Amino acid sequence: MEKDQRILQMENSCIVEAVNKARGMVVYWSKETKVMNIYKTTFVIEIQIEDQGAQCDWWFIGIYASCDK
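Calculation rules
- Residues numbered from 1 in each chain as written.
- Predicted model: local features only at pLDDT ≥ 70, side-chain atom pairs only at ≥ 80, totals over all residues.
- Heavy atoms only, no water.
- Helix = DSSP H or I, 4+ residues; strand = E, 2+ residues; numbered from the N terminus.
- Buried < 20%, exposed > 50% of the residue type's maximum accessible area, 1.4 Å probe, protein only.
- Contact = heavy atoms within 4.5 Å.

Participant: Account for the side chain of Gln 5, with residues named and values stated.
Facilitator: Tracing the backbone shows Gln 5 in helix H1 (residues 2-8). Owing to a relative accessible area of 13%, Gln 5 belongs among the buried residues under this scheme.

Here is the structure:
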C-alpha cells in the first residue's frame, strides 16, 4: 500500500489490515486535507474532515462489507 501511496503522491493514509478472509482497507489524503479525527475498526474507517472553504466539517465513512450471504 505504501507503493500505491507514493504513486498517487498522497502524504497521509489510514490503513486497516486484512483479517482472515476480509480484505484490508486504505484511505489516502494529501497534505492540504485537514483531518480532525480518525476512528477505525476491523470493517470501518471514519475520518472527520474540516472543509475550510465551506467553513464546516464532514465525515468520510468507508465500510467493508462482504458480498457473501
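Participant: How would you summarise the environment of Thr 33 if you had to cite specific residues and measurements?
Facilitator: Tracing the backbone shows Thr 33 in the loop between strand S2 (25-29) and strand S3 (34-40). Here Thr 33 falls in the partly exposed class, since its relative accessible area comes to 28%. Along the sequence, Thr 33 and Arg 6 sit 27 residues apart, while their C-alpha atoms lie 17 Å from each other.

Participant: Mind laying out the environment of Met 10, listing which residues take part and the relevant values?
Facilitator: Within the element layout of this structure, Met 10 appears in the loop between H1 and strand S1 (12-16). Met 10 gets classed as partly exposed once you look at its relative accessible area, which sits at 29%. Counting along the chain gives 37 residues from Met 10 to Ile 47, while the straight-line C-alpha distance between them is 16 Å. Ignoring any residue separated from it by four or fewer positions in sequence, one finds Met 10 in contact with Gln 5, Tyr 28, Trp 29 and Ser 30.

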